[in-house]
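Take a look at the letters that make up each chain.
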Protein chains: 2
Amino acid sequence: MVSRATLASVSESELLGQILPMFGGSPYAGAGVLVPPGDDAAVITAHGSVVVTTDSMVRGRDWRDDWSSGHDVGVKVVAQNVADVAAMGAVPTGLLVSVAADPATELDWLIDLTRGIAAAAEDARCPVVGGDLSSAPHGVVVVGVTAFGDLQGRSPVLRSGARPGDVVAVAGSLGWSGAGLVLHEQGREDPITGEGRGRHLGEVDRAVSLLLWFHRSPRPPWESGPLAALAGATSMIDLSDGLVRDGARIATASGVELALDERALRRDFLAGPIEVALGADAGWPQVLAGGEEHSLLATFPQGGVPEDPSAPWTVIGTVLAAGPEGPRLTVGGAVPSVTGWDHFAG
Amino acid sequence: MVSRATLASVSESELLGQILPMFGGSPYAGAGVLVPPGDDAAVITAHGSVVVTTDSMVRGRDWRDDWSSGHDVGVKVVAQNVADVAAMGAVPTGLLVSVAADPATELDWLIDLTRGIAAAAEDARCPVVGGDLSSAPHGVVVVGVTAFGDLQGRSPVLRSGARPGDVVAVAGSLGWSGAGLVLHEQGREDPITGEGRGRHLGEVDRAVSLLLWFHRSPRPPWESGPLAALAGATSMIDLSDGLVRDGARIATASGVELALDERALRRDFLAGPIEVALGADAGWPQVLAGGEEHSLLATFPQGGVPEDPSAPWTVIGTVLAAGPEGPRLTVGGAVPSVTGWDHFAG
């Protein structure tokens, strides 16, 4: 029988009694957590410095309940934060979770969210060390995560270090989340979990399912961040607002031109699931400007792109000295017409 | 002319361009911020470990716009978090701020919030090192803060270290925030800022104004936390849910009885503004159970209470071995009938 209990039907201590054990598994065995949840604050180890970042998701803005489960939301909010830690070249060491929720929220949903957070945290080898639960107005759920990271004695990899002659490379996919969003907006049903499940899946079915799933619960290549730092990456950024917008941030911060290779982008990122599911014309803008991908964009000295097969980097361009137009990003020699994502844009 | 611009009327980058400089003052001169806001994540120094905690405020739940300004909310959300860091015996080293807001929120309100956050952060000698801005549904504003602290090589002061024979002491006030909440709920106007401003203020006026103000923007005795740790405090907690509830947490975690002295509490905490503004009968429950005070409760070995005049501690009881009733908190030998605050209680 399905429980229909809400947050309001249990006390705060009962609620925490259900949630905290989900975070109490193997990650706590790690020596990095000196004081676990339960006191005024948690204490984690830090070697000289600590990388800190925060990112939130809001119901109805950053996810829709008819598309995403609580588990999906939990995975995604952890992914966003772990990607930011990785983009500094750091290894994730801990997470704080903050939930503000309507007391009428179903307890099952919160437990599903918690499971998603715990699963993504375990995947990132990163314990949840504390959190905060607040009540919110009717219908509102806001999930915030703060992530911590350890540079292991290295310098952070900033956006400002790209130099002319460097190579531009991506770890992870491009445009999958944006393409998945388009498919969700088209009302496309997941062929694996939807009404038609069980039938033979063709190539299009598999591509559609992959992209829908990736939009709801991305998996950033977080291991690639520290490996890039070890390999001498000169700059790095988490791709949350799209390749064009985030790449331009590196160009601006470094005072250079990021000259991306259109043929390489089409061959390595458009061909495959995006072209199969959306076609080339609808898919290409997603490769360039689709948001919430959480792949990593970095620059390396010539010959310095790491070849570790567990954390692959794909070369997509070179760094040029800024021309008379100033720092910018170009694709095939031209500034692309697509832009990226703005949270408060109409 | 008053600006009526909303968040939706400016772009995300314009918005951050207005807000970030408010955090860019003297605190950044501190050597503790290795990478300031503007990259994927911030980096702050940490000596072997870092204390981390998070706490949020929700419009309509944790504050009312007709009582609290944006500035008040900013001060209070920083205070809550800095108090948790101090309660571990740590010095605050950095803050992350996360705001999820209806795009129709007035820009002036957000700027006022930012000023309050910056003022409290500067008071705590604690730079704002980053943040996150999300759009939220109609009417919703959620402000979350994560605070970091440095133990300066000391062990954290936990809730579990109180030992029979220790002395129980408080740094800061008791019941002011709860009494201020009662006065707000009675519709009492602030005699200093309200309609009658300018007239001669009597003792009651001054007490009412102080308590209303303290409820809206508490100032935790954060300096007392590290000083208590240096002095050998055996346990410590931030008083966010009231003396009785939070004191019982120390008793339970330490397996002891916290035996509080009713006469000392009445003399040192009821007498004064609370008794003047509310009377003894209505004021006493606030001393025992009023929430959101963010004073510090600690236990010290006999003779170990620090006497630093800048961070005064007031002795309010002793620690006894737990009796047959198990760990508990008593006032004048009896378990008090008042309890404390539960976020999801009906």
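Small disclaimer: the values here were computed from a predicted structure and weren't measured.

**Looking at the packing of helix α2 (residues 70-86) of chain B against helix α3 (residues 107-123) of chain B**
All names here are of chain B.
Here comes step 1: At a closest axis distance of 6 Å, the pairing of α2 and α3 adopts a crossing angle of 35°. In this structure, α2 meets α3 at a crossing whose hand is right-handed. Mapping the contact onto sequence places Gly70, His71, Val73, Gly74, Val75 and Val78 in α2 and Trp109, Asp112, Leu113, Arg115, Gly116, Ile117, Ala119, Ala120 and Ala121 in α3.
Here comes step 2: Classifying every residue of the contact of α2 with α3 by side-chain character gives nine nonpolar, four polar and two charged.

**Some points on the relation of the copies chain A and chain B**
Here comes step 1: Each copy superposes on the other: chain A lies on chain B with an RMSD of 0.0 Å after a rotation of 180° and an axial shift of 0.0 Å. This pairing of chains is accounted for by a two-fold axis.

**Brief notes about the packing of aromatic side chains**
All names here are of chain A.
Here comes step 1: Inspection of every chain in the model, using the stated rule, returns nine aromatic pairs over all chains.
Here comes step 2: Plain terms: the ring middles of Trp63 and Trp109 are 5.8 Å apart, the flat faces sit at 15° to each other, and that makes the pair stacked. Placement of Trp63 in the loop between β2 (42-58) and α2 (70-86) and of Trp109 in helix α3 (residues 107-123) is noted, with a sequence separation of 46 residues between them.
Here comes step 3: Trp109 gets classed as buried once you look at its relative accessible area, which sits at 14%.
Here comes step 4: With 6.3 Å between their ring centres and 70° between their planes, Trp213 and Phe214 make a pair best called edge-to-face.
Here comes step 5: Put simply, the rings of Trp176, Trp213 and Phe214 touch in pairs and so form one group of aromatic residues.
Here comes step 6: The lysine or arginine in question, Arg59, covers the ring of Trp109, its NZ or CZ lying 5.8 Å from the ring centre.

**Focus on the UniProt feature "binding site: Mg(2+) 1" (unreviewed entry) in chain A**
Here comes step 1: Per the UniProt record, "binding site: Mg(2+) 1" (unreviewed entry) is found at Thr54, Asp55 and Asp132 of chain A.
Here comes step 2: Structurally, Thr54 of chain A can be placed in strand β2.
Here comes step 3: Its relative accessible area of 9% is what places Thr54 of chain A among the buried residues.
Here comes step 4: For Thr54 of chain A, the residues in contact, after removing those within four places along its chain, are Asn81, Val145 and Thr146 of chain A together with Leu96, Val97, Ser98, Gly131 and Asp132 of chain B.
Here comes step 5: Engagement of the side chain of Thr54 of chain A in a polar contact is seen with the backbone oxygen of Val145 of chain A, the distance being 3.0 Å.
Here comes step 6: Examined against the element boundaries, Asp55 of chain A turns out to sit in strand β2.
Here comes step 7: Using a relative accessible area of 17% as the deciding quantity, one classes Asp55 of chain A as buried.
Here comes step 8: Not counting residues within four places of it along the chain, the set of residues in contact with Asp55 of chain A comprises Val77, Gln80, Asn81, Asp84, Val143, Gly144 and Val145 of chain A together with Asp132 of chain B.

**Things to note about the pairing of strand β6 (residues 167-171) of chain B**
All names here are of chain B.
Here comes step 1: Extensive coverage of β6 is indicated by the burial of five of its five residues.
Here comes step 2: Here β6 shows no split at all, with Val167, Ala169 and Ala171 on one side and Val168 and Val170 on the other all buried.
Here comes step 3: Bridging between β6 and strand β9 (residues 295-300) involves five bridges; their strand directions are antiparallel. Note that in β9 the partner of Val167 across the bridge is Phe300.
Here comes step 4: Two elements, β6 and strand β10 (residues 313-321), share five bridges in a ladder whose sense is antiparallel. Bridge pairing in β10 links Ala171 to Trp313.

**Comments concerning the sheet that holds β10 of chain B**
Residue and element names in this part refer to chain B.
Here comes step 1: Across the sheet, six strands lie side by side as β7-β9-β6-β10-β8-β11; this open sheet has mixed pairing. Looking at the sheet topology across the chains shown, the edges are occupied by β7 (235-239) and β11 (328-331). Put simply, the sheet's adjacent strands are angled 25° from each other on average, direction ignored.
Here comes step 2: Contacting β6, β7, β9 and β10, helix α6 (residues 224-231) crosses the sheet at an angle of about 5° to β9.
Here comes step 3: Sheet strands in contact with helix α7 (residues 243-254) are β7, β8 (256-260), β9, β10 and β11, and its direction is about 155° off that of β7.

**Digging into the domain arrangement of chain A**
Residue and element names in this part refer to chain A.
Here comes step 1: Considered domain by domain, chain A is made up of domain 1 (9-27 + 47-150) and domain 2 (167-331).
Here comes step 2: Spacing between the C-alpha centres of domain 1 and domain 2 amounts to 25 Å.
Here comes step 3: Domain 1 puts 19 residues into the contact, and the matching count from domain 2 is 20 residues.
Here comes step 4: Both sides together, the interface formed by domain 1 and domain 2 hides about 1,700 Å², and carbon and sulfur atoms give 64% of it.

**Things to note about the environment of Ala229 of chain B**
Residue and element names in this part refer to chain B.
Here comes step 1: Following the sequence through the fold, Ala229 ends up in helix α6.
Here comes step 2: Between the C-alpha atoms of Ala229 and Pro327, which are 98 residues apart in sequence, the distance is 24 Å.
Here comes step 3: Residues within four places of Ala229 in sequence aside, it is in contact with Gly89, Arg154 and Val157.

**Here we look at the interface of chain A and chain B**
Here comes step 1: Listed as interface residues are 63 residues of chain A and, on the opposing side, 62 residues of chain B.
Here comes step 2: In this assembly, chain A packs against chain B so that about 4,900 Å² is buried in total across both faces, 59% of it on carbon and sulfur atoms.
Here comes step 3: The tally of links between chain A and chain B comes to four salt bridges.
Here comes step 4: Where Asp39 of chain B meets Arg159 of chain A, a salt bridge forms, and the shortest distance between an N and an O atom there is 3.7 Å.
Here comes step 5: Residue assignment for the side of chain A that touches chain B shows that the elements contributing at least two residues are α1 (12-19), β1 (33-35), β2, β3 (91-101), β4 (128-135), β5 (141-150) and β7 (235-239) of chain A.

**Quick notes on helix α5 (residues 203-216) of chain A**
Because an α-helix packs 3.6 residues into every turn, residues spaced three or four apart end up facing the same way.
Here comes step 1: Its 14 residues give α5 of chain A an end-to-end C-alpha distance of 20 Å, which sits within 8% of 20 Å, the value for a rise of 1.5 Å per residue.
Here comes step 2: Next to the buried residues of α5 of chain A lie α2, α4 (176-185) and α9 (273-278) of chain A.

**A closer look at the UniProt feature "binding site: substrate" (unreviewed entry) in chain A**
Residue and element names in this part refer to chain A.
Here comes step 1: UniProt's entry tags Asp62, Glu292 and Trp341 with the feature "binding site: substrate" (unreviewed entry), counted in the numbering of this structure.
Here comes step 2: Counting through the fold element by element, Asp62 comes out in the loop between β2 and α2.
Here comes step 3: For Asp62, a relative accessible area of 18% corresponds to the buried category.
Here comes step 4: Within the secondary structure, Glu292 sits in the loop between α10 (280-289) and β9 (295-300).
Here comes step 5: If we ignore the near neighbours within four places in the chain, the residues touching Glu292 are Lys76, Gln80, Ser177, His215, Pro218, Leu239 and Ser240.

The rules we used
- Residues numbered from 1 in each chain as written.
- Chains lettered and ligands numbered in written order.
- Predicted model: local features only at pLDDT ≥ 70, side-chain atom pairs only at ≥ 80, totals over all residues.
- Heavy atoms only, no water.
- Axes fitted to C-alpha atoms, helices over the stretch in contact; angles between N-to-C directions.
- Helix = DSSP H or I, 4+ residues; strand = E, 2+ residues; numbered from the N terminus.
- Left-handed = near helix turned anticlockwise from the far one by under 90°.
- Contact = heavy atoms within 4.5 Å.
- Nonpolar A, V, L, I, M, F, W, Y, C, P; charged D, E, K, R; others polar.
- Least-squares fit on C-alpha atoms with pLDDT ≥ 70 in both.
- Phe/Tyr/Trp six-rings, centres within 6.5 Å; stacked < 30°, edge-to-face > 60°.
- Buried < 20%, exposed > 50% of the residue type's maximum accessible area, 1.4 Å probe, protein only.
- Lys NZ or Arg CZ within 6 Å of the ring centre and 35° of its normal.
- UniProt positions renumbered as here; feature names shortened; annotations may be inferred.
- Polar contact = N/O pair within 3.5 Å; in protein donor to acceptor, adjacent residues only side chain to side chain.
- Pairing = 2+ DSSP bridges.
- Domains from an automatic or database assignment.
- Buried area = accessible area lost by both parts, 1.4 Å probe.
- Salt bridge = Lys/Arg side-chain N within 4 Å of Asp/Glu carboxyl O.
- Expected span 1.5 Å × (residues − 1).

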